[in-house]
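Structural description and commentary
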Amino acid sequence: MSKLTGRNRRYRHWRGIGVVIVALGAVAGGITWALADEETAAPATVVIAAVDRGEVTLDVATTGTVQPATTRNLTFAVSGTVDAVDVRPGNTVDKGDTLAAIEDTDAVTAVSDAEEKLADARDRLTQARRSAAKTTKNADSCVRVTARPAISAAPTPCVTQGYPDTGADQVLTAEQAVNNAERAVDRAEDALDGTVITAPIAGTVLAVAGGVGDQAEAGTTFVSLAGTATMQVEADFPEADAGALTSGQTATVTLADAAGLTATVVQVDPVGTSDGTLVRYGVVLAFTDAPADLLIGQSAQVRVRTGQADDVLRVPSTAVHDISDGAGTVLLRSGTTSEERSVTVGLRGDQYTEITGGLDEGAQVVRSW
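Residues numbered from 1 in each chain as written. Predicted model: local features only at pLDDT ≥ 70, side-chain atom pairs only at ≥ 80, totals over all residues. Heavy atoms only, no water.

This brings us to the overall build of the chain. A count of helices and strands for the chain gives 4 helices and 19 strands. Classification of the 369 residues of the chain by burial places 28% in the buried group. Put simply, 74% of the contacts in the chain that link residues at least 6 apart link residues at least 24 apart. Taken as a whole, the chain presents about 23100 Å² of accessible surface, with 51% of it coming from carbon and sulfur. (Helix = DSSP H or I, 4+ residues; strand = E, 2+ residues; numbered from the N terminus. Buried < 20%, exposed > 50% of the residue type's maximum accessible area, 1.4 Å probe, protein only. Contact = heavy atoms within 4.5 Å. Areas by Shrake-Rupley, 256 points an atom, 1.4 Å probe, with all protein chains shown as cover.)

Pasting the structure below:
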């Protein structure tokens, strides 16, 4: 490889310097062009809002589910083998409809036995009353005899067994036996009635715990029934919103297949529940006029009106900055100039903020700054 001459070295040196100069010039030109372009760009548009008079509202929102207002867990009164199941989950029933039954042979026999014992007790009561009446008659006769003058020996004492104050009260004992037998019949009849589950309210069957041939235990839920005549919405609100909620507030409930429905807050849980990061409070809302086709567990969007001021001076909420202790700042616009103005505020709503002092109706403020 040949060696470079001194002339060639100087040529390459000046060529490199020239390349650098050209590059620097291009960068400088780009900066100059950008600055010039920025200077000629149109100024940002200032959106103006006029102070007007109207409504200011504040809502809090969350999601919830449609639930029945009444739920009944129905049981058999006695244990036994399931003989019939007349419903399944999802069925609608009327009050008094038969839902399920267990084999009732033993219960029928128990009623018959109790009725026989009651009949026997009543017979014994009748006999005791007759015996008491006869004993009383004899006692009266003894009194008359002992009242006569004595001829020789003293009169023979009268025996008044079973008469009050003279021995065991057979009538009272018989009456107690009848009362006990009557209660035994009532219990047996209740047990017989308890072999059948009937609907205490109209509603929808939520669950059935068994089928024909299964063993059902007394007192264990066999059918769960929801009363769908009155439906409600159950929702959880975060702690920051729950403090503004109270019974009687109006709300709007929006379902997937229906427009907003009017509802009312009927309950706010006094104690919240925590998931580890957020405390929530349960709220129950009742429909003002619930549709007939509401589904249990249906999702709902819930919006509760927590504040409202009517016919007040207002500006868009974005126009008020630095709100503290009922005061804030707006950017008042006059022609092409703007100045900050302190104002007093009332209700700060979702879209508008109430102005209680510092501005007149018709004044113009910058909507967002």
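Now, onward.
As paired strands, strand β10 (residues 250–255) and strand β11 (residues 261–268) are joined by 4 bridges and run antiparallel to one another. If you follow Thr 250 over to β11, its bridge partner there is Thr 264. The antiparallel pairing of β10 with β11 creates a hairpin that spans 5 residues between the two strands. Across 5 bridges, β11 lies against strand β13 (residues 279–287) in antiparallel orientation. (Pairing = 2+ DSSP bridges.)

Moving on, we get to the environment of Gly 194. Position of Gly 194 among the secondary structure elements: in the loop between α3 (170–193) and β6 (196–198). Given the relative accessible area of 10%, Gly 194 is considered buried. With 92 residues separating them along the chain, Gly 194 and Ile 102 place their C-alpha atoms 8.9 Å apart. Non-local contacts of Gly 194, meaning those with residues more than four positions away in its chain, are made with Phe 76, Ala 77 and Val 78.

Turning our eyes to something else, we now look at the pattern of salt bridges. As enumerated under the stated definition, the model contains 5 salt bridges in all. Asp 52 is paired through a salt bridge with Arg 314; the nearest N and O atoms lie 3.1 Å apart. Taken as a pair, Asp 52 in strand β2 (residues 52–75) and Arg 314 in strand β14 (residues 299–316) lie far apart in primary sequence, 262 residues in all. According to the relative accessible area criterion, Asp 52 is partly exposed, its value standing at 27%. Taking relative accessible area as the criterion, Arg 314 reaches 14% and is therefore assigned buried. One salt bridge connects Arg 129 with Glu 175, and the closest N-O pair in it is separated by 3.3 Å. In this pair, Arg 129 sits in helix α2 (residues 105–147) while Glu 175 sits in helix α3, placing the two residues 46 residues apart along the sequence. (Salt bridge = Lys/Arg side-chain N within 4 Å of Asp/Glu carboxyl O.)

Here we take up the sheet that holds strand β8 (residues 215–216). Strand order in the open sheet formed by 4 strands is β6-β5-β3-β8, with antiparallel pairing between adjacent strands. Each edge of the sheet is formed by a strand with only one pairing partner; in this case those strands are β6 and β8.

Any region with low pLDDT has predicted coordinates that should not be read closely. Predicted confidence across the chain gives a mean pLDDT of 84, with 79% of residues reaching 70 or more. Mean pLDDT across the elements of the chain ranges from a minimum in helix α1 (residues 6–40), with 51, to a maximum in strand β18 (residues 352–357), with 97. Low pLDDT (under 50) marks residues 1–6, which in the prediction has 2 contacts with non-local residues, meaning those over four places away or in another chain. Per-residue pLDDT stays below 50 along residues 159–167; that stretch engages in 12 contacts with residues further than four places along the chain or on separate chains. (pLDDT = per-residue confidence, 0-100.)

On the surface, Asp 113, Glu 115, Glu 116, Asp 120, Asp 123, Asp 186, Glu 189, Asp 190 and Asp 193 cluster together into a patch of negative charge. Within the residue set of the negative patch, elements represented by two or more residues are α2 and α3. Counting residues per element, the negative patch draws most heavily on α2, at 5 residues. With respect to the helices and strands, the residue Asp 193 is situated in helix α3. (Patch = residues over 30% accessible without salt bridge, like charges linked within 9 Å, V, L, I, M, F, W, Y side chains within 5 Å. Lys, Arg positive; Asp, Glu negative; His and termini not counted. Charge placed at Lys NZ, Arg CZ, Asp CG, Glu CD.)

Bridge analysis of strand β4 (residues 92–93) against strand β7 (residues 203–208) gives 2 bridges, and the strand direction is antiparallel. Across the sheet, Thr 92 pairs through a bridge with Thr 204, a residue of β7. Two elements, β7 and strand β9 (residues 221–238), share 4 bridges in a ladder whose sense is antiparallel. The partner of Ala 207 across the bridge, within β9, is Ser 224.

Moving on to the side chain of Gln 249. With respect to the helices and strands, Gln 249 occurs in the loop between α4 (239–242) and β10. Contacts of Gln 249, omitting those with residues within four sequence positions, involve Ala 244, Ala 263, Thr 264, Val 265, Val 304, Arg 305 and Thr 306.

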